[in-house]
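Observations on chain architecture
The lines below spell out each chain.
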Amino acid sequence: MTEQKISIEFFPPKTEKGLENLHATVEALQPLGPEYFSVTYGAGGSTRHQTQSVVSSLVQRGLDVAPHLSFGADSEETIESLLASYKEEGIKRIVALRGDLPSGMGQVKPVYANELVDFIRDKFGDWFHLSVACYPEVHPQAEDLSTDIGYLKKKLDAGSDAAVTQYFYNLEAFLYFRDRCVKAGIDKPIYPGVMPIVNAANLIRFSESCGADIPRWLRMGINDCKSQEELLKYGEEVVTKLCADLLAEEVPGIHFYSMNQSQAVLNICKQLSFSS
Ligand code: FAD
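Below: a short report on this structure. (Residues numbered from 1 in each chain as written. Predicted model: local features only at pLDDT ≥ 70, side-chain atom pairs only at ≥ 80, totals over all residues. Heavy atoms only, no water.)

Thoughts on the site of the ligand
Heads up, the condition is: Any residue with a heavy atom lying within 4 Å of a molecule or strand is counted as near it. Pairs of N or O atoms within 3.5 Å make up the polar contacts considered here, provided that, within protein, one atom can donate a hydrogen while the other can accept it, and that residues adjacent in sequence are counted only when both atoms are side-chain atoms. Computed with a 1.4 Å probe, the accessible areas rest on the Shrake-Rupley method; for each residue, only the protein chains presented here act as cover. Here a strand is any run of E in DSSP of at least two residues, a helix any run of H or I of at least four, and the numbering for each starts at the N terminus. Residue polarity follows a fixed list, in which Ala, Val, Leu, Ile, Met, Phe, Trp, Tyr, Cys and Pro are nonpolar, Asp, Glu, Lys and Arg are charged, and the others, Gly among them, are polar.
As a matter of local geometry, the ligand sits amid 23 residues, with Tyr 41, Asp 100, Tyr 135, Asp 148 and Lys 155 nearest to it. Within the backbone of Arg 98, an N or O atom sits 2.8 Å from an oxygen atom of the ligand. Here an oxygen atom of the ligand sits 2.6 Å away from a polar atom, N or O, in the side chain of Asp 148. In isolation the ligand offers 970 Å² of accessible surface; the protein chains occlude 87% of this area. Among the elements of the structure, helix H4 (113-124), helix H5 (145-157) and strand S6 (162-167) are those that each provide at least two residues to the shell around the ligand. Counted by class, the shell around the ligand contains 11 nonpolar, 8 polar and 4 charged residues.

Examining the sheet that holds strand S4 (residues 93-97)
This is how the line gets drawn: In short, DSSP must find at least two bridges between two strands for them to pair. Fitted lines through C-alpha atoms give the axes, limited to the stretch in contact for helices. The angle between two N-to-C directions lies from 0 to 180 degrees. Contact definition: two residues touch when any of their heavy atoms are within 4.5 Å.
Here 8 strands make up a closed barrel; going around it, the order is S1-S2-S3-S4-S5-S6-S7-S8 and the pairing parallel. The average angle at which neighbouring strand axes cross in this sheet is 30°, direction not considered. Of the strand pairs in this sheet, S4 and strand S5 (residues 129-134) are connected by 4 bridges, and their pairing is parallel. When the bridges of S5 are listed, Arg 93 appears paired with His 129. Of the strands in this sheet, strand S1 (5-10) and strand S2 (36-39) touch helix H1 (residues 16-29), which is tilted by about 175° from S1.

Here we look at unusual backbone geometry
Put simply, the rule reads: Between buried and exposed lies partly exposed: a residue is buried under 20% and exposed over 50% of the maximum accessible area for its type, with that area taken using a 1.4 Å probe on protein chains only.
The phi dihedral of Glu 250 is positive, around 60°, even though this residue is not glycine. Along the chain, Glu 250 falls in the loop between helix H9 (228-248) and strand S8 (253-257). A relative accessible area of 52% places Glu 250 in the exposed class. Here the phi dihedral of Asn 260 falls at roughly 65°; this positive angle occurs in a residue that is not glycine. Summarising the element assignment, Asn 260 is placed in the loop between S8 and helix H10 (263-271). Residue Asn 260 is classed as buried on the basis of its relative accessible area of 11%.

A word on the side chain of Ser 56
Take Ser 56: it is sitting in helix H2 (residues 48-60). On the basis of relative accessible area, Ser 56 is assigned to the buried category, the value being 16%. Within polar-contact distance, the side chain of Ser 56 engages the side chain of Glu 89 at 2.9 Å.

A look at helix H7 (residues 200-210)
Put simply, the rule is: By arc we mean the arc of the directions from the helix axis to the C-beta atoms, nothing more.
Taken residue by residue, H7 has Ala 200, Leu 203, Ser 207 and Cys 210 as its buried positions. Viewed end-on, H7 has its buried residues packed into an arc of 110°, placing them on one side of the element. Pointing more than 90 degrees away from the buried face of H7 are the exposed residues Ala 201, Arg 205, Glu 208 and Ser 209. On the buried face of H7, the contacting elements are S6, helix H8 (216-224) and H9. The N-cap residue of H7 is Asn 199: its side-chain oxygen and the backbone nitrogen of Ala 201 are 3.3 Å apart. Within two residues after H7, Gly 211 carries a phi angle of roughly 80°, on the positive side.

This is the structure in structure tokens:
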């Protein structure tokens, strides 16, 4: 099998200080040799400029960068010109999404990820490597798993190269999902997304909104931690084991949701085969 690689996701910071911290994080993570760093895109284009400027600053460091992108309420011209400027900078990867529109924009017709993939392939041919999102524990708005996998196949068949999953802590959910994808005729690589555990309250709140399950054993383990230090140690053990099991299951690589922090990813990777 091919070498298993990691990729690392950031969000665009809102402040100068946040940007400084992000570059320190990149510096710390670079020795892990990630295949690429990705930068999220705010729903409805709300972070368009921040995403673009963080992406440019990472490209200037000579890194392979994958901007996330969704149509939101933007015009085709806006999205095409953003993609053209990425191409001009030599960017070769995009994470193509529908995104979630902010509630105030509820009347806008959603542009599904498969339509964005169609658009990019139509306007830019094969220039970009395209990744799309997928959901081992089912997208919260999906009718059911089969329908969701059907739409995943649709966006992969539209010309995407790979899928990256929402984070999960149930290994079995991922393995079952992967089997179902294969049965549905999906043969493109599926990269598990992994979220280190660094902030219990945020993790539980965010998981509820994005449909990621926090299993009972994990919830209890988190509750048992008496301090932040204990939580970090416990979280690292849980996530390192998850990653080790995934690698043993021959996943093509692991995508880390870093939350712009380096330490947890570094500690986890040191215990796997990705040490610096
Ligand atoms: P889609 O694939 O379009 O699917 C959305 C829903 O509609 C699903 O329920 C699906 O079953 C259904 N569906 C799909 N296609 C069709 C169709 N043609 N017709 C009818 N129904 C359809 N959010 C951000 O705001 N910014 C980010 O940068 C970001 N990055 C992400 C990265 C990853 C790896 C992941 C897993 C998620 C990310 N998200 C991000 C969250 C994501 O935007 C939300 O989960 C969003 O609700 C769905 O986006 P999607 O691209 O998966 O949508």
